Amino acid sequence: MKKTIFNPPILILVFLLSFSYSCKQKPTKEAEKETIIQYDEPVSELPIDRLNLPDGFKIEVYADNIDGARSMAMGNDGTLFVGTRNDKTVYAIQDLDNDYRADHTIVLDSTLEVPNGIAFKDGALYVAEVGRLLRYDNIESQLSNPPKPVVVYDDYPTEFHHGWKYIAFGPDDKLYVPVGAPCNICDSTVVDERYATITRMDPDGTNREIYAKGVRNTVGFTWHPETKELWFTDNGRDMLGDDIPPCELNRVAEAGQHFGYPYCHGGIVKDPEFGDQKPCSDFVAPVQAMGAHVAPLGVKFNEGSMFPTAYKNMAFIAEHGSWNRSKKVGYRIALVTLENNKAISYETFLDGWLNEEAQEAFGRPVDLLFLKDGSLLISDDFGDAIYRVTYDGASLASTY
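Residues numbered from 1 in each chain as written. Predicted model: local features only at pLDDT ≥ 70, side-chain atom pairs only at ≥ 80, totals over all residues. Heavy atoms only, no water.

Visitor: Can you break down the environment of D276 residue by residue, with the values?
Guide: On the secondary structure map, D276 appears in the loop between β19 (269-270) and β20 (288-289). Along the backbone, D276 and Y263 are 13 residues apart, and their C-alpha atoms lie at a distance of 7.6 Å. There is a polar contact of 2.5 Å between the side chain of D276 and the side chain of K270. (Helix = DSSP H or I, 4+ residues; strand = E, 2+ residues; numbered from the N terminus. Polar contact = N/O pair within 3.5 Å; in protein donor to acceptor, adjacent residues only side chain to side chain.)

As structure tokens, this is what we get:
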């Protein structure tokens, strides 16, 4: 029988080689996402020179490599919080040298279920998953070591179809949370009355109620700076062809109004399946019928002093762009000019993400956020970036 020789130095060498090899193994997908990313001011490879703006305006990359950047919210201390839809991640982005370019990104959480919606209030970050709402208290003082979130509620519908949420606090200090229809076209309210609505609640999740009905899928809303009324975009149904129905910009004049889905679309298009049940005249028509399939998401009113006064209180809308139209549309920032709550024009402010001839895009705008200086941030979940739009003649803006 062969004698086994015990050799400690050899065993130690084998152990070290084994440890070294294990450390070189490809990390898991979760581990690949660094917790804290410090980087030089962005020198992006995105072809932003293709983007078209009115004379006097300029666009630059504010933050780059923000995978799936969607909804944005600003903290009290200048931290930009960014949610995602497919990347499970919420980011905290900082501009530490205050030059309006990000230089520090922190991954707050990378384990969330479709954390599209985010909002900030009283030092806390609110994050909406599909069926529940989380709150990260005192978040800006704990960015490098985020606290365990408080569950505000966990009993909303859990269907993924239109389940991602856009959330925001209104002038009434209520948190507004939509619940999209769990389908392209259906009367889902017979299953749960919260489907195809916008709900609202107190910050602690109490006193929840339905605020607006007949809303197929809103992924962007805001409040008019003068009237304080809620305005929201809504994505029209699919599978009725390239040119109908229109997407919508809507105004909520009072709680409980119904905006037509699934019976009527765009205020004028009778649904072929449900339209015989109720006429379009029963519902609130949109303030602006937008292009079919342009997929309007974020909407904000310009209140700042940087842009010329001609843009004051205009509605800026991020059109994410079509996904199933024979020729792509959208992929731009649109402008709606209003007078007495009526739209008098609907036009392009910024485009160029889509190459019309090649039918290829390098970006898809999602959300909008005006900074204190009046400049405009735009998130892009296809280009994985956040842009900043400024007006070069800001000092002369008041003379226009």
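Next, the rest of the story.
Visitor: Provide a residue-level description of the confidence of the model for the chain, including the pertinent values.
Guide: Chain-level statistics for the chain give a pLDDT mean of 90 and a share of 88% at 70 or above. Scored below 50 in pLDDT, residues 1-32 shows five contacts in the model against residues more than four places distant or in partner chains. Confidence over residues 394-400 falls short of pLDDT 50; this stretch has 11 contacts with residues more than four positions distant or in other chains. (pLDDT = per-residue confidence, 0-100. Contact = heavy atoms within 4.5 Å.)

Visitor: Now, about the pairing of strand β21 (residues 296-301): what can you tell me, with residues and values included?
Guide: Of all six residues that make up β21, six are buried, and the element is covered over most of its length. The sheet contact formed by β21 and strand β22 (residues 315-319) spans four bridges and is antiparallel. The partner of F301 across the bridge, within β22, is A315. (Buried < 20%, exposed > 50% of the residue type's maximum accessible area, 1.4 Å probe, protein only. Pairing = 2+ DSSP bridges.)

Visitor: An account of the sheet that holds strand β11 (residues 168-169) is requested, with residue identities and associated values reported.
Guide: Across the sheet, which stays open at both edges, the four strands sit in the order β11-β12-β13-β14 with antiparallel pairing between neighbours. Looking at strand neighbours, the two that pair on one side only are β11 and β14 (209-213), the edges of this open sheet. When strand β13 (residues 197-201) meets β14, the two strands line up antiparallel, connected through four bridges. Its bridge partner lying in β14, I198 is registered against A212.

Visitor: Can you break down empty space enclosed by the protein residue by residue, with the values?
Guide: For the structure on display, the rule yields three cavities of 30 Å³ or more. Estimates place the volume of the largest cavity at around 60 Å³. What lines the largest cavity is a set of 13 residues, among which R216, D234, E248, Y261 and H265 lie closest to the centre. Here the residues of the lining of the largest cavity sort into four nonpolar, five polar and four charged. Looking at the second largest cavity, its volume works out to about 40 Å³. Along its surface, the second largest cavity is lined by V130, P157, E159, H161, H162, G163, K165, V179, G180 and Y195. Residues belonging to the lining of the second largest cavity are distributed by class as follows: four nonpolar, four polar and two charged. (1 Å grid on protein atoms, 1.4 Å probe; cavity = no way out; pocket = protein on both sides within 12 Å on 5 of 7 lines; lining within 4 Å. Points joined across faces, edges and corners; volume = space filled by probe spheres on them. Nonpolar A, V, L, I, M, F, W, Y, C, P; charged D, E, K, R; others polar.)

Visitor: Let's hear about the layout of surface pockets: which residues, and what values?
Guide: For the largest pocket, the calculated volume is near 1,200 Å³. If you go around the largest pocket, you meet 39 residues; those closest to its centre are A73, M74, L369, F370 and L371. Those elements giving two or more residues to the lining of the largest pocket turn out to be β3 (72-74), β7 (117-121), β11, β15 (221-223), β21 and β27 (365-370). Here the second largest pocket defines a volume of roughly 570 Å³. Of the residues assigned to the lining of the second largest pocket, the class counts are 10 nonpolar, 12 polar and eight charged.

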